[in-house]
Amino acid sequence: MSEKEILEAARRFADQIMTSDTYKEYLYQLEKLKKQPELYEKVNEFRQRNFDLQNAPESEDLLERLEAFEEEYERFRENPIADDFLAAELAVCRMMQDIYGVLAEQLDFELY
């Protein structure tokens, strides 16, 4: 199978992912969220700060910063629109992690 054929198969697979219930739920929740621009902005700020914290280098105060972050956004997560979106996004991310895991498991690719 050529690289071109593999890429075409990947496109077909992406189409299948986009028709999954998990992805459809994500799109539905995203549309609901976008109807409230202020909340959408807050969710994006939350996502960016969460990403930054998750990718921050290990430091002595990282645990404290994570706890402060969780406390700051605890009330924010009580909003069902924000929480439903974040849950749907997490479900898509987990699905993608599972897919990557299957691919890595099936390939005989030596990692250091």
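Residues numbered from 1 in each chain as written. Predicted model: local features only at pLDDT ≥ 70, side-chain atom pairs only at ≥ 80, totals over all residues. Heavy atoms only, no water.

Our next topic: the nonpolar core. Across soluble globular proteins, nonpolar side chains show a tendency to be buried alongside one another. By size, the foremost hydrophobic cluster in this structure holds 18 residues, and its most contacted members are Leu 39, Val 43, Phe 76 and Phe 85. Here this core takes six residues from helix α5 (residues 80–106), the largest share from any one element. With residues near it in sequence (within four places) discarded, Phe 76 still touches Leu 39, Lys 42, Val 43, Phe 46, Ala 82 and Leu 86. (Core = buried A, V, L, I, M, F, W, Y, C linked by side-chain atoms within 4.5 Å. Buried < 20%, exposed > 50% of the residue type's maximum accessible area, 1.4 Å probe, protein only. Helix = DSSP H or I, 4+ residues; strand = E, 2+ residues; numbered from the N terminus. Contact = heavy atoms within 4.5 Å.)

A few words on the packing of aromatic side chains. Inspection of the entire model under this criterion finds seven aromatic pairs. Look at Phe 46 and Tyr 73: their rings are 5.0 Å apart centre to centre, the planes differ by 70 degrees, and that puts the pair in the edge-to-face class. Remark: Tyr 73 occurs in helix α4 (residues 62–74) and Phe 46 occurs in helix α3 (residues 37–54); sequence separation between them is 27 residues. One exposure class covers both Phe 46 and Tyr 73, and it is buried. Between Tyr 73 and Phe 76 the ring centres are 5.3 Å apart and the planes differ by 80 degrees, which places this aromatic pair in the edge-to-face class. An aromatic cluster is defined as three or more aromatic residues linked by ring pairs; in this entry it consists of Phe 46, Phe 69, Tyr 73 and Phe 76. (Phe/Tyr/Trp six-rings, centres within 6.5 Å; stacked < 30°, edge-to-face > 60°.)

Counting all residues, the mean pLDDT for the protein chain is 91, and 98% of those residues have values of 70 or more. Mean pLDDT across the elements of the protein chain ranges from a minimum in α4, with 84, to a maximum in helix α2 (residues 21–34), with 98. (pLDDT = per-residue confidence, 0-100.)

Across the interface, α2 lies against α5 with an axial gap of 9 Å and an inter-helix angle of 150 degrees. Comparing the axis directions of α2 and α5 gives the class roughly antiparallel. When you trace α2 past α5, the crossing you get is left-handed. Here Thr 22, Tyr 23, Glu 25, Tyr 26, Gln 29, Leu 30, Lys 32 and Leu 33 of α2 lie close against α5, whose contacting residues are Ile 81, Asp 84, Phe 85, Ala 88, Glu 89, Ala 91, Val 92 and Met 95. Each residue belonging to the contact of α2 with α5 can be placed in one class, and the counts come to 10 nonpolar, two polar and four charged. (Axes fitted to C-alpha atoms, helices over the stretch in contact; angles between N-to-C directions. Parallel < 35°, antiparallel > 145°, perpendicular 65-115°, else oblique. Left-handed = near helix turned anticlockwise from the far one by under 90°. Nonpolar A, V, L, I, M, F, W, Y, C, P; charged D, E, K, R; others polar.)

Once that is clear, we can look at the layout of surface pockets. Taken as a whole, the largest pocket holds about 470 Å³ of empty space. Along its surface, the largest pocket is lined by 17 residues, and Phe 46, Asn 50, Arg 77, Glu 89 and Leu 90 are the ones closest to its centre. Elements that contribute at least two residues to the lining of the largest pocket include exactly α3, α4 and α5. (1 Å grid on protein atoms, 1.4 Å probe; cavity = no way out; pocket = protein on both sides within 12 Å on 5 of 7 lines; lining within 4 Å. Points joined across faces, edges and corners; volume = space filled by probe spheres on them.)

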